[in-house]
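Residue-level listing of the chains:
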Amino acid sequence: MDDLPFHRPGRFWRGNLHTHSDRSDGALPPEEVARRYRDAGYDFLAITDHFRERYGFPLTDTRSLREPGFTTLIGAELHPPRTEFSAEWHILAVGLPLGFAPPGPEESDVALTRRARDAGAFIGIAHPAASLLTAADAERLDAAHAVEAYNALSMREDRGDSWHLTDVLVNRGHRLTAYAADDAHFQPQDPPGCRAWVQVRAEELTPEALLAALKAGHYYSSTGPEIHDVRVGDGAVHVSCSPARKVMVTGGDPGVQLIEGSSLTEGSLPVAMFRRGWCRVTVEDAEGNRAWTNPIRWA
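Residues numbered from 1 in each chain as written. Predicted model: local features only at pLDDT ≥ 70, side-chain atom pairs only at ≥ 80, totals over all residues. Heavy atoms only, no water.

Student: Please clarify how the side chain of Thr 250 should be interpreted in this entry.
Tutor: By the element assignment, Thr 250 lies in strand E12 (residues 236-251). In contact with Thr 250, not counting residues within four places along its chain, are Gly 255, Val 256, Phe 274, Cys 279 and Arg 280. (Helix = DSSP H or I, 4+ residues; strand = E, 2+ residues; numbered from the N terminus. Contact = heavy atoms within 4.5 Å.)

Put into structure tokens, the structure is as follows:
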């Protein structure tokens, strides 16, 4: 249970890992993007502009936007060729060094992703449902740390939820975590930002501490509810959370353990049905907003 973040030193820091500015196809300059998240109470932000030739392979430098109580991570969205149903990938790389070189003409998706990870980045498989990724696509990216299991922008096309693919990959033995993100562009037709985020457990609000915690899986994701504590013991998962109408446990076998009620703040759910040795917790509030743990393994 060492991967559970809730009793680790430090505190939770709220941040968005997937954001765009006018350095690629976003509507707003980086300064305004950062202001919106800072004013909404976020602790950190990654501006991940599209690392494409037509934008000049931008790696948006947000260091000047850091201030006490708010920091930034340097990143980009990478687009090597190709997936089964698309000419290009969407791969999140958060924590890239400035000066990260554009892809070479013969550099494959696997090679580019490995190079980004070797350079220090946290690697996420972005919006799999919206990209129509297959399990075979995702399994090729052996350098990925996580799957973007919820993408707020992709909900516009009813493909924001990618938990099915995430669960399949975990069942196949891939040690992946899962995060939620806005993918905010702030275009007029888009949903507003600040819809989906991660809560990262770290001792300090520094890029280095946040990246280390992300890579270790010391975070949970949310579109509203807070998860205060999750423990596994005596054949059950014990959950403490902000007021909710549902607390659910799902895992590597079909089926769910579920508690429903009004303003639930705690519950214990058995895990015997999840014979593959892992599960995850989902909390849903009265408005239908959800929060998710990463996969929890006990075998």
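Student: Which parts of the structure should I look at to understand the side chain of Thr 48?
Tutor: Relative to the assigned elements, Thr 48 resides in the loop between strand E2 (44-47) and strand E3 (50-51). Thr 48 has contacts with Leu 17, His 18, Thr 19, His 20, Gly 75, Ala 76, Glu 77, Leu 92 and Val 94, leaving out every residue within four places of it along the chain.

Student: Just to check I follow, could you spell out helix H5 (residues 207-216) for this structure?
Tutor: Given 3.6 residues to a turn, an α-helix orients residues that are three or four positions apart in the same direction. Buried within H5 we find Pro 207, Leu 210, Leu 211, Ala 213 and Leu 214. Taken around the axis of H5, the buried residues stretch over an arc of 165°, which confines them to a single face. Immediately beyond the C-terminal end of H5, within one or two residues, lies Gly 217, with a positive phi of roughly 80°. (Buried < 20%, exposed > 50% of the residue type's maximum accessible area, 1.4 Å probe, protein only. Arc of directions from axis to C-beta.)

Student: Teacher, can you tell me more about helix H2 (residues 109-118) here?
Tutor: Buried within H2 are the following residues: Asp 109, Val 110, Leu 112, Thr 113 and Ala 116. When H2 is viewed along its axis, its buried side chains cluster within an angular range of 165° and face the same direction. Looking at the buried positions of H2, the neighbouring elements they touch are strand E4 (71-78), strand E5 (91-94), strand E6 (122-125) and helix H3 (135-140). Note on H2: the residue one or two positions beyond its end, Gly 120, has a positive phi of about 115°.

Student: Help me out: how do you make sense of the state of the cysteines in this one?
Tutor: Think of a disulfide as a covalent bridge from one cysteine sulfur atom to another cysteine sulfur atom. Scanning the entire structure with this criterion turns up zero disulfides. We note that Cys 279 lacks a disulfide partner, and the nearest cysteine sulfur, in Cys 241, lies 15 Å from it. (Disulfide = S-S within 2.5 Å.)

Student: Would you take a moment to explain the packing of aromatic side chains for this structure?
Tutor: Here a ring pair, both rings aromatic, is described through the centre-centre distance and the interplanar angle of the planes. The final tally for this structure, using the stated rule, is 11 aromatic pairs. Ring geometry for Tyr 37 versus Phe 186: centroids 6.2 Å apart, planes at 75°, classification edge-to-face. Here the residue Tyr 37 occupies a position in helix H1 (residues 30-39), and Phe 186 occupies one in the loop between strand E8 (177-181) and strand E9 (197-202), the gap between them amounting to 149 residues. Neither Tyr 37 nor Phe 186 differs from the other in exposure class; each is buried. Between Phe 51 and Phe 100 the ring centres are 6.1 Å apart and the planes differ by 45°, which places this aromatic pair in the tilted class. Here the residue Phe 51 occupies a position in strand E3, and Phe 100 occupies one in the loop between E5 and H2, the gap between them amounting to 49 residues. For Phe 100, a relative accessible area of 8% corresponds to the buried category. Above the plane of the ring of Phe 70 lies Arg 38, whose end atom (NZ or CZ) is 5.9 Å from the centre. A cation over an aromatic ring shows up here: Arg 115 above the ring of Phe 100, its NZ or CZ 4.4 Å from the ring centre. (Phe/Tyr/Trp six-rings, centres within 6.5 Å; stacked < 30°, edge-to-face > 60°. Lys NZ or Arg CZ within 6 Å of the ring centre and 35° of its normal.)

This is a description of form; function is not addressed.
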